[in-house]
Structures are given as C-alpha cells and as structure tokens.
Amino acid sequence: MEIIQLKDVNKVYRTKEIETLALENVNISIREGEFVSIMGPSGCGKSTLLNIIGLLDNPTSGSVSIMNEETEKMKDSELSKFRNHNIGFVFQSFHLIPSLNIAENVALPLIYRSGVSSPERKRKVEEVLVKLGLSHRMRHFPGQLSGGQCQRVAIARAIVGDPKIILADEPTGNLDSKMGHEVMEILQQLNKEDGRTIVMVTHNDQQARETDRIIRFFDGRQVE
C-alpha cells in the first residue's frame, strides 16, 4: 500500500522582488513500512519536501496524499488533527523545550490530542521512555542530557502518539558518529519491528545506504 503519494508537486516561494522555485514537478510514492532516505546538496529542496509531506507547508500546485487522504481538501483544523495522529517529527536540533522536563516534553503531542486522559498520557510516556532507555531520566531537563540523549527524547516524543509515519530531518546531524549510530539503530528498530514508515533527510551516505531506498534531489528536482 502506498502510504505517501506526491503527484506533480511544485513549490514556489515569492517575495516582492524574487520568485524561488523550491520544488519542481516532484512525483514520489512511498510504501507503508518503507525506510526512505532523501539526499542532495544544501538548498536543493529536501526540507521543503519534508515539510510538505508532514503537512507543515502546502505545495503551490500538485497533490499530496497521506494514507489515502487527499490533504489539499482538508481545513487547517483537520490538517492539525490528522498530523497529530499520524505523523511524528524528529529534527536535527531536537526542538525540546528547556523549561519542561523529559516526561513533559514527550507528553506534548498527547496534550494536544483530545480524549487522552492524564493517567493514560502518563502511561504512554512512561512506556516510550522505557522503550528508549530513558526512564531514569524522566525528571531531568534537556540541559542535563547529552546530545544523543536529547535526540532519543525527541524520538520518544515523535512516537508517543503511535503515528504511522516518522519524518526525520538530519536526525544525526548534531551528533558524533557513536551517538549517530545509536540513533540510526533506534530508527531501524522502529521501522523493522514496529512497522513504521520513515522518511529521513540526510547528508550521510553510509546511513542512507542502510535504508530501503534513496531518493536524490538537485535544485528542487528529483534526479534519482
């Protein structure tokens, strides 16, 4: 089953003085359970593509289908709800809130989801922190953790709501090789054992070769 489909997607950014074509005629199909890498030089449209797949941005033209839902027909409120239930995000810079402890950071997607009681939220947070080996850090704050631990917290936050899709934007970019390897092992486990579909933007050739498929971009165009 195709879980992500982009058809004839273009993205143009316009200001008063300039028009920039970020994506040009992109056609991508990703099957459920695939682990796909997106590669290409800086500025080629990789992050723009991830934002469009993650419903954080809209294409200028073309269609985006996620889990057989035609997303361009959704209202903003429907997009937010759909994204919260089905897509988890992992960023290079972690995007943790310094004033919240680890458990509170991980709980954030569930706080914005209606129908999840406080006891259920607590149970889900504890389960995912145990899964990622962070239960002993539950009351610590991001500033007390290493970069690798912070990224594990970010992954915990991404999966606590049990999304079908994980989008990872340079998830090992701020980590040394050892920590980067550990993060890749976690992502592979989530893919192989949990069956989650993962789309990862990366500059790391070795890590990309560990995924099922590589899609390459150059100047906003899909070249491979």
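Calculation notes
Along each chain, residue indices are assigned from 1 in the same order as the chain's sequence is written. pLDDT decides what is reported in this predicted model: residues at 70 or higher carry local features, side-chain atom pairs at 80 or more are listed and counted, and totals for whole chains, interfaces and linings draw on all residues regardless. Just so you know, side-chain values use all the structure's heavy atoms and leave hydrogens and water out. Note on conventions: DSSP H or I runs of at least 4 residues are helices, E runs of at least 2 residues are strands, and numbering of each starts at the N terminus. In this description the radius of gyration comes from C-alpha coordinates, and the expected globular size is given by 2.2 Å times residues to the power 0.38. Residue exposure (1.4 Å probe, protein chains only): buried if accessible area is under 20% of the type maximum, exposed if over 50%, otherwise partly exposed. Residues count as neighbours in contact if any of their non-hydrogen atoms are within 4.5 Å of one another. Each accessible area is a Shrake-Rupley estimate made with a 1.4 Å probe; only the visible protein chains count as cover when residues are assessed. Only buried residues count toward a nonpolar core. Its members are Ala, Val, Leu, Ile, Met, Phe, Trp, Tyr and Cys residues joined through side-chain atoms within 4.5 Å. Should DSSP find at least two bridges between two strands, the strands are regarded as paired. Axes here mean lines fitted to C-alpha atoms, for a helix over just the part in contact, with angles spanning 0 to 180 degrees between N-to-C directions. In this tally Asp and Glu are treated as negative and Lys and Arg as positive; neither His nor the chain ends contributes. A pair is scored as a salt bridge if a Lys or Arg side-chain nitrogen falls within 4 Å of a carboxyl oxygen belonging to Asp or Glu. Each angle is binned into one of four classes, with values under 35 degrees roughly parallel, values over 145 roughly antiparallel, values of 65 to 115 roughly perpendicular, and all other values oblique. The hand of a helix crossing depends on one turn: near helix anticlockwise from the far one by less than a right angle means left-handed, and clockwise means right-handed. Residues are grouped as follows: nonpolar covers Ala, Val, Leu, Ile, Met, Phe, Trp, Tyr, Cys and Pro; charged covers Asp, Glu, Lys and Arg; every other residue, Gly included, is treated as polar.

Caption draft 1: Molecular detail of the overall build of the protein. Looking only at helices and strands, the protein has seven helices and ten strands in total. Against the globule reference of 17 Å for 224 residues, the protein gives a C-alpha radius of gyration of 17 Å, in line with a compact fold. Counting only C-alpha atoms, the protein reaches 50 × 40 × 40 Å along its principal axes. Buried residues in the protein amount to 49% of all 224 residues. For the protein, long-range pairs separated by at least 24 residues make up 72% of all intrachain contacts whose partners lie at least 6 apart in sequence. Accessible surface computed for the protein: about 11100 Å², of which carbon and sulfur atoms make up 46%.

Caption draft 2: Layout of the nonpolar core. Counting residues in hydrophobic clusters, the biggest one holds 36 residues, and the most contacted among them are V106, L129, I155, L187 and L190. Broken down by secondary-structure element, the contributors of at least two residues to this core are helix 3 (102-111), helix 4 (118-131), helix 5 (147-159), strand 7 (165-169), helix 6 (177-192) and strand 8 (197-201). The element best represented in this core is helix 5, accounting for seven residues. Filtering out sequence-adjacent residues up to four positions away, L190 remains in contact with K131, I155, I159, I166, G195, R196 and I198.

Caption draft 3: Structural view of helix 2 (residues 76-86). Those residues of helix 2 that sit buried are L79, F82, R83, N84 and N86. Looking at the packing, one finds that the buried side of helix 2 touches strand 4 (61-66), strand 5 (69-70), strand 6 (87-91), helix 3 and strand 7.

Caption draft 4: Molecular detail of the sheet that holds strand 3 (residues 35-39). Read across the sheet, six strands follow the order 6-7-8-3-9-10 without closing on themselves; strand pairing throughout is mixed. Among the strands making up the open sheet, the edge pair consists of strand 6 and strand 10 (221-222). With four bridges connecting them, strand 3 and strand 9 (residues 213-218) associate as parallel partners. Paired with I38 across the bridge in strand 9 is I215. Contacting strand 3, strand 6, strand 7, strand 8 and strand 9, helix 1 (residues 46-53) crosses the sheet at an angle of about 155 degrees to strand 7. Those strands touched by helix 2 are strand 6 and strand 7, and its axis lies near 75 degrees from that of strand 6.

Caption draft 5: Focus on the side chain of D169. Following the sequence through the fold, D169 ends up in strand 7. One buried charged residue, D169, remains without a salt bridge, the closest side chain of opposite sign being K46 at 7.2 Å.

Caption draft 6: The packing of helix 3 against helix 4, seen in detail. Viewed as axis vectors pointing N to C, helix 3 and helix 4 meet at an angle of 125 degrees, and their least axial separation amounts to 9 Å. Of the possible angle classes, the one that applies to helix 3 and helix 4 is oblique. Our pair here, helix 3 against helix 4, has a crossing hand that is right-handed. Residue-level inspection shows I102, A103, V106, A107, L110 and I111 of helix 3 in contact with helix 4, the latter providing R121, K124, V125, V128 and L129. Grouping the constituent residues of the contact of helix 3 with helix 4 by class yields nine nonpolar, no polar and two charged.

Caption draft 7: Local environment of the packing of helix 3 against helix 5. Contact geometry for helix 3 and helix 5: axes closest at 7 Å, N-to-C directions at 35 degrees. Where helix 3 crosses over helix 5, the two elements pack in a sense that is right-handed. Contact residues: helix 3 offers I102, N105, V106 and P109, while helix 5 offers V153, A156 and R157. Taken together, the residues of the contact of helix 3 with helix 5 sort by class into five nonpolar, one polar and one charged.

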